[in-house]
Amino acid sequence: MNLSEYRAQWTHKPTREVLAGMVGTFALIPEVIAFSYVAGVAPEVSLFASFVISICIAFVGGRAGMISGAAGSVALVVAPLVHEHGVQYMLLATLLAGVFQIVFGWLRLQFAMRFVSQDVRTGFVNALAILIFSAQIPQMLGVTWHTYMLIALGLVIIYGFPRITNIIPSPLICIVILTVITVIHPMPVHVVSDLGQLPTGLPHFTWPSLPWTLSTFETVLPYAIAMAAVGILESLMTAGVVQDVTDTPTNERQECVGQGISNIAVGLFGGIAGCGMVGQTVGNLRYGGQGRLSTFTAGAFLLILMVVLHRYVAMIPMAALVAIMIMVSISTFNWGSLKAIYKAPKLSSLIMIVTVIVTILTKDLAAGVCTGVLLSGVFFAWQAMKQVKIERLKEGDTDVYRIRGQLFFASSQLLRDTIDLHTSASRVEIDVTNTDIHDLTMVQTLDDIVDRLHKHGKQVTVIGLHRDRHEFVAEHAKSSVLVKHVK
C-alpha cells in the first residue's frame, strides 16, 4: 500500500465515517461487557482493550473499515487460564499472543486462509448472525412488556428512519429517542449499567506482576499460541467479509502484524487480547464506514463514553442495543444461502451447514471454521480420487494399465485393487504419462506394486515418468524400475 492509498483511507467521507464509527461503538459495548464475564475479567478490562485495539489497528492494520475489539472467541480460549491462574497470567498471554501474531505475519502464514472455501465463509457468517441474535435473547426473557415495546419501536426507527434521511445513522437516532423516552417516562427496563460497573478513569501502563520463571512461560505458552491463531483466523475472516462488501483488497500480512502490535499494546495497558469483530464490522459497513477513520472513531468514542459520558451511557436502555444487534444479525445472515442449499452441490451445502452447527454448538467461531476446512479437504480428496481412471488392456502377453488423474494417498488403494498381481501375463506395463504423483504414500504404493510383480516373476515396465512431473518419485522411490524411468 502506498502513501496516497493510506491517506485516502483516512480522508474517505469523514463525516459519514465518524457517525458510522459511533454506531460501531454502541454495538461494541454490550458484547464486550458480556465477553468479559466469559473470560472472567472485570468489564473495564475488555472495554479498555477494545479502545486500545481500535486506536492501534486504525493506524497499523491491513484492512480499512474493520472494527476490532475484545472478541468472544479469544475470551473462550483464555477463560481457563484466568480462572486457574488469574488476570496477571492473562496479561502475559496477551503480550505473547501479540508477538506470535507479528511472527505469523512476517512468516506469511496468513496464506492458510486460502484453504477456507466460500462454503466455510458462508457458514461462518450465518453462524455469527445466529450467535449475535441468540446473545440478545437473555435480554428479552423475564422482562416486562415495556422492553418488547421499546425493541419494536427501536426496529421501526432503525428501518424506517433511512426512508426520511441517511445523514445520521438510524441506530444513533434509535439510542437517543429510546433513552429520552425512558428518562422522561421511567419504566421497568434494563439499562447498560445493569451489565456491570463501567470504568471512570483512563487506562494506565501495566506490566504483568507474576513470577518470571520457566514454569510460568510453560503455563502461558499454549494459551498464547491459541489466542494468536484464533485472533488471526477471526480477523482475516472478518477482513474477507469487508473485502466482499467493499470490493477492495486486504493486506493480510499487514493485518496479522497490525493485530500483533495492537495486542501487545493491549497487554501493556491491562487488557485482554482481541481481534476483528464481524457483527460490529457489518454494522459499521452498513452505515458507510469503509475507511480507517471509522475504526479510530469506534475506539476513541468508546473512551469518551466510558470516561466522560459514562453517566449517560449507563442510562441507555438495553432494548435500544438489542434492536441494533437484531438489525446487525439480520444484515449479517446470508439469506441467499438458504436458496442455494437446494441448488448448490450437496457436499458444498453440507460443509456450510456443518460449519454453522459446530459454531453454534461450541459458540466458537474458530472451531466451526476449522471443522469446515477439514470437511472441505476431505471432500476435495474424495472428488479428486473419483477422477482417477485406470484402463486395463490386454496386448498379447502384456497387461497394460493406463492411468489418468491425480495420484495421492486417497487413490493408492484404488491402484492396489486394480492391478492384478497374479495375472497370467508375463509382462506388465504401467503407463503414468497422464498423471501427477503428489505424495510419499503414492510413491510407496507404486514401488510396492512393482516389487510384488517382480516377486511373482513378471517383467514390469513403467511408462511416462518424466522429471518435470514426477521428480517426487526420483527423490523417494526405492525401486530401480521407477527411478530409471524418471527422465
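Each remark here, short or long, concerns the structure printed above.
Being a predicted model, the structure only gives us computed values, none of them experimental.

J.: I tried to follow the overall build of the protein on my own but got confused; where do I start?
T.: Across its full length, the protein carries 21 helices and six strands. On the principal axes, the C-alpha backbone points of the protein span a range of 100 × 55 × 50 Å. Here the protein holds 487 residues, and the buried ones make up 54% of them. In the protein, 83% of the contacts between residues at least 6 apart in sequence involve partners at least 24 apart. Approximately 21,800 Å² of the protein is accessible, and the part contributed by carbon and sulfur atoms is 64%. The positive charge centre, built from 32 side chains, and the negative charge centre, built from 30, are 6 Å apart in the protein.

J.: Would you explain the pattern of salt bridges in this entry?
T.: Once the charged atoms of two side chains with opposite charge are near each other, the side chains can pair. Evaluation of the coordinates by the stated rule reveals seven salt bridges. Between R452 and D448 there is a salt bridge, with its nearest N and O atoms 2.9 Å apart. Pair noted here: R452 and D448 are both in helix α19 (residues 440-455), with a separation of four residues, about one helical turn. One network of salt bridges, with partners in common, ties together R392, K394, D399 and D420.

J.: Explain the nonpolar core here, please?
T.: Most often, soluble globular proteins keep nonpolar side chains buried together rather than apart. If you look at the biggest cluster of nonpolar residues, it comprises 104 residues, and the most contacted ones within it are F26 and I29. V388, L407, V432 and I437 belong to the second-largest nonpolar core, a separate cluster that totals 21 residues.

J.: Is there a simple way to explain the side chain of Q101 in this structure?
T.: Along the chain, Q101 falls in helix α5 (residues 87-106). The contacts of Q101, once residues within four sequence positions are left out, are M227, A228, G231, I232, C256, V257, Q259, G260 and N263.

J.: How do you make sense of α5 when you look at a structure like this?
T.: Each turn of an α-helix holds 3.6 residues, which means side chains three or four residues apart point in the same direction. Taking 1.5 Å per residue as the helical rise, α5 with its 20 residues ought to reach 28 Å, and the 29 Å between its terminal C-alpha atoms agrees with that figure. Counting buried positions along α5 yields 14 of 20 residues, so the element is predominantly enclosed.

J.: For this particular structure, what's the right way to read the pairing of strand β5 (residues 427-437)?
T.: Looking along a regular strand, one sees the side chains alternate between the two faces of the sheet. Across nine bridges, strand β4 (residues 398-407) lies against β5 in parallel orientation. What sits directly across from V400, in β5, is E429. In this fold, β4 hands off to helix α18 (residues 412-418), which returns the chain to β5; that crossover is right-handed. Pairing analysis gives five bridges linking β5 to strand β6 (residues 459-463), with the strands arranged parallel. Following the sheet pairing, D431 is matched in β6 by I463. Taken together, β5, α19 and β6 form a β-α-β motif whose crossover is right-handed.

J.: How should I be thinking about the state of the cysteines in this particular structure?
T.: The bond known as a disulfide is covalent and runs between the sulfur atoms of two cysteines. This structure, assessed with the given rule, holds zero disulfides. Unpaired in terms of disulfides, C275 finds its nearest cysteine sulfur in C256, a separation of 12 Å. The exposure class of C275 is buried, given its relative accessible area of 0%. The structure places no disulfide on C370, whose sulfur is separated from the nearest cysteine sulfur, that of C275, by 13 Å.

J.: How should I be thinking about the sheet that holds β6 in this particular structure?
T.: Sheet strands line up and pair through hydrogen bonds in the backbone, either parallel or antiparallel. Reading across the sheet, the four strands line up as β3-β4-β5-β6 and stay open at both edges, with mixed pairing between neighbours. Of all the strands in the sheet, just β3 (389-395) and β6 have a single pairing partner and so form its edges. Within this sheet the neighbouring strands show an average axis-to-axis angle of 15°, counted without direction. Its contacts with the sheet put α19 on β4, β5 and β6, and the angle it makes with β5 is roughly 175°.

J.: Where do I start with the packing of α5 against helix α10 (residues 252-268) in this structure?
T.: Relative placement of two packed helices is described by the angle separating their axes and the distance separating the axes. Axis separation between α5 and α10 bottoms out at 7 Å; the angle between their running directions is 160°. Classified by the interaxial angle, the pair formed by α5 and α10 is roughly antiparallel. As for the relative orientation of α5 and α10, their crossing is left-handed in sense. Residues L91, T94, L95, G98, V99, Q101, I102, G105 and W106 of α5 lie in contact with α10, whose contacting residues are R253, C256, V257, Q259, G260, I261, N263, I264, V266, G267 and L268. A per-class count over the contact of α5 with α10 returns 11 nonpolar, eight polar and one charged.

J.: Sorry, what's going on with the packing of helix α6 (residues 118-134) against helix α9 (residues 214-246) here?
T.: Where α6 contacts α9, the two axes come as close as 11 Å, and the packing angle between them is 95°. Here α6 lies roughly perpendicular to α9, going by the angle between them. In contact with V120, R121, F124 and V125 of α6, α9 contributes E234, M237, G240 and V241. When its residues are assigned to classes, the contact of α6 with α9 shows five nonpolar, one polar and two charged.

J.: Would you mind going over helix α16 (residues 346-362) with me for this structure?
T.: The terminal C-alpha atoms of α16, which comprises 17 residues, lie 24 Å apart, in line with the 24 Å expected from a rise of 1.5 Å per residue. Buried within α16 are the following residues: S348, S349, I351, M352, V354, T355, V356, V358 and T359. Check the buried side of α16 and you find it contacts α6, α15 (336-343) and α17 (365-386). At the C-terminal side of α16, K363 shows a positive phi close to 55°.

J.: Before we go on, may I ask you to explain the packing of aromatic side chains in this structure?
T.: Each aromatic ring pair is characterised by the separation of its centres together with the angle its planes make. Under the defined criterion, the tally for this structure stands at seven aromatic pairs. For the ring pair W10 and F296, a centre distance of 6.1 Å and an interplane angle of 65° mean the geometry is edge-to-face. Here W10 is found in helix α1 (residues 3-11), whereas its partner F296 is found in helix α12 (residues 292-307), with 286 residues between them in sequence. Overall, W10 belongs to the buried group, its relative accessible area being 18%. Aromatic pair W207 and W212: ring centres 5.6 Å apart, planes at 20°, arrangement stacked. Every member of this aromatic cluster is reached through a ring pair, and the members are W10, F59 and F296.

Rules and cut-offs
- Residues numbered from 1 in each chain as written.
- Predicted model: local features only at pLDDT ≥ 70, side-chain atom pairs only at ≥ 80, totals over all residues.
- Heavy atoms only, no water.
- Helix = DSSP H or I, 4+ residues; strand = E, 2+ residues; numbered from the N terminus.
- Buried < 20%, exposed > 50% of the residue type's maximum accessible area, 1.4 Å probe, protein only.
- Contact = heavy atoms within 4.5 Å.
- Areas by Shrake-Rupley, 256 points an atom, 1.4 Å probe, with all protein chains shown as cover.
- Lys, Arg positive; Asp, Glu negative; His and termini not counted.
- Charge placed at Lys NZ, Arg CZ, Asp CG, Glu CD.
- Salt bridge = Lys/Arg side-chain N within 4 Å of Asp/Glu carboxyl O.
- Core = buried A, V, L, I, M, F, W, Y, C linked by side-chain atoms within 4.5 Å.
- Expected span 1.5 Å × (residues − 1).
- Pairing = 2+ DSSP bridges.
- Right-handed = clockwise from strand over helix to strand, strands pointing away.
- Disulfide = S-S within 2.5 Å.
- Axes fitted to C-alpha atoms, helices over the stretch in contact; angles between N-to-C directions.
- Parallel < 35°, antiparallel > 145°, perpendicular 65-115°, else oblique.
- Left-handed = near helix turned anticlockwise from the far one by under 90°.
- Nonpolar A, V, L, I, M, F, W, Y, C, P; charged D, E, K, R; others polar.
- Phe/Tyr/Trp six-rings, centres within 6.5 Å; stacked < 30°, edge-to-face > 60°.

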